[in-house]
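Analysis of the macromolecular model
Here is how the chains run, residue by residue.
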Amino acid sequence: MESLLVVDDEPTVRELLAATLRFAGFTVSSAATAAEALDAARREPPDLVLLDVMLPDLDGFEVLRRLRVGGARVPVLFLTARDTPADKVRGLTLGGDDYVTKPFDLQELLARIRAVLRRSGGSEADTLTAGDLTLDPSGMAVSLRGEPVRLSPTEFRLLHHLMRHAGRVLTKAEILADVWRYDFGGETSIVDTYISYLRRKVDTGEPKLIHTVHGVGFVLRRPRS
C-alpha cells in the first residue's frame, strides 16, 4: 500500500484529504508545519508528499528545496491557492512533480496522484545506455562513467524520456506533456531549465549527448561506436 504525506496548516483540508486518500486505498500521515513535514519525510519517507505552499514557518518551496538538498527523491505534488504561472514554474523548477490549485476536485487530485506515482516508478524495466551514461528505470538509478549521479524525480523522468526516444527530435510541448503531463499556459521555459540541469549533471564529456534543435526542441543522440 502506497504511503502519502499530507502537509497543510488548515485542519479541515488536512482531515478531508486524509479521509479521502485512505478511502482510496493509501496509507496517510499528515503534518501542519514545515518542520513537522521535514521530520516526517526524513524519519519515514513516503511514496509521495502533498505539499501546501503557504505554511506558518517556511513556505512549501523551501520545504522542497531542503528535501532535495538532503537527498530525498520522494515525488512532491504542490497543493495550494497560489495559482500564478510564476508560482507554478517555480515549484516545478525546484523539483516538484505536479501543481494543483485550490479549490480542487478530489477525483482529479486522485488521478494526478496516481499519475505522479506511476511516473516516479519508471515505465520500462530495461536498462538504457548512451555512451558512458546508464539509466536503470526499475531502480531509478543513473550512472555516468560508472559513478552514480543523483537526480531529482523530475530530472530522472526527463532523462528517461530523452533516452527512450534517443535519436528523435522532441518538441518542448511534447516533452512538457509527456514528462510533466501538465499544461500550465504553455510555459515551456521549464523544459529549458531542466535540460540545463541535466547537461550539468550527465552531459559533461565529449561528444555531447543532449542537443538543442533551435526553434523546435531537443534530441538525445547516442555516440557512434
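Going by what an unreviewed UniProt entry lists, the protein chain is known as Two-component system OmpR family response regulator and is assigned to Catenuloplanes atrovinosus. Taken from UniProt, the Subcellular location (unreviewed entry) comment for the protein chain reads in full: "Cytoplasm".

**Digging into the nonpolar core**
Within the largest apolar cluster, 31 residues are counted, with the highest numbers of intra-cluster contacts made by V142, L159 and W180. Those elements giving two or more residues to this core turn out to be α4 (85-93), β6 (128-130), β7 (133-136), β8 (141-144), α6 (153-164), α7 (172-180), α8 (189-202) and β12 (217-220). Looking at this core, the element that brings in the most residues is α8, giving six residues. The residues touching W180, leaving out its near neighbours within four places in the chain, are L92, G96, D97, R119, T154, I175, I190, V191 and Y194.

**Examining the environment of S189**
Its place among the elements puts S189 in helix α8. Counting along the chain gives 137 residues from S189 to D52, while the straight-line C-alpha distance between them is 23 Å.

**Side note on the side chain of D52**
Within the element layout of this structure, D52 appears in the loop between β3 (48-51) and α3 (60-69). Non-local contacts of D52, meaning those with residues more than four positions away in its chain, are made with V7, D8, D9, G60, L79, T80 and K102.

**Remarks on the pairing of strand β4 (residues 76-80)**
Within a regular strand, side chains alternate between the sheet's two faces. In terms of residue burial, β4 counts as a mostly covered element, since five of its five residues are buried. Side-chain alternation along β4 places V76, F78 and T80 on one buried face and L77 and L79 on a second face that is also buried. The pairing of β3 with β4 spans three bridges and is parallel. Each residue of the ladder has a partner; that of L51, found in β4, is F78. Both β4 and strand β5 (residues 98-101) contribute to a ladder of four bridges, which runs parallel. By the bridge assignment, L79 is partnered in β5 with V100. Following the chain from β4 across α4 to the adjacent parallel β5, one finds a crossover that is right-handed.

**Quick look at helix α1 (residues 11-23)**
For α1, which comprises 13 residues, the first-to-last C-alpha distance of 18 Å matches the rise-based estimate of 18 Å (1.5 Å per residue) to within 8%. Residues V13, R14, L17, A18, T20 and L21 constitute the buried set of α1. Of the surrounding secondary structure, the elements contacted by the buried residues of α1 are β1 (3-7), β2 (27-31), β3, β4 and α5 (106-120). Directly beyond the C-terminal end of α1, a positive phi value near 105° is found at G25.

**Quick notes on the pattern of salt bridges**
Inspection of every chain in the model, using the stated rule, returns 14 salt bridges. Here R68 and D97 are joined by a salt bridge, their closest N and O atoms 3.8 Å apart. Of this pair, R68 sits in helix α3 while D97 sits in the loop between α4 and β5, placing them 29 residues apart in sequence. For D192, the salt bridge is made with K172, and the minimal N-O distance between the two is 3.0 Å. Of this pair, D192 sits in helix α8 while K172 sits in helix α7, and the two are 20 residues apart along the sequence. A relative accessible area of 32% places D192 in the partly exposed class. With a relative accessible area of 26%, K172 lands in the partly exposed category. Taken together, the shared-partner salt bridges connect D8, E10, D52 and K102 into one network.

**Overview of unusual backbone geometry**
A cis amide bond links K102 with the next residue in sequence, P103, at an omega value of -5°. Structurally, P103 can be placed in the loop between β5 and α5. Omega for the bond connecting E206 with P207 falls within 30 degrees of zero, at -5°, which places this linkage in the cis form. Its location among the elements puts P207 in the loop between α8 and β11 (210-213). Unusually for a residue other than glycine, R145 sits at a positive phi of about 55°. Mapping R145 onto the fold places it in the loop between β8 and β9 (147-149). Assessed through its relative accessible area of 48%, R145 is described here as partly exposed.

Cut-offs applied
Residues numbered from 1 in each chain as written. Predicted model: local features only at pLDDT ≥ 70, side-chain atom pairs only at ≥ 80, totals over all residues. Heavy atoms only, no water. UniProt positions renumbered as here; feature names shortened; annotations may be inferred. Core = buried A, V, L, I, M, F, W, Y, C linked by side-chain atoms within 4.5 Å. Buried < 20%, exposed > 50% of the residue type's maximum accessible area, 1.4 Å probe, protein only. Helix = DSSP H or I, 4+ residues; strand = E, 2+ residues; numbered from the N terminus. Contact = heavy atoms within 4.5 Å. Pairing = 2+ DSSP bridges. Right-handed = clockwise from strand over helix to strand, strands pointing away. Expected span 1.5 Å × (residues − 1). Salt bridge = Lys/Arg side-chain N within 4 Å of Asp/Glu carboxyl O.

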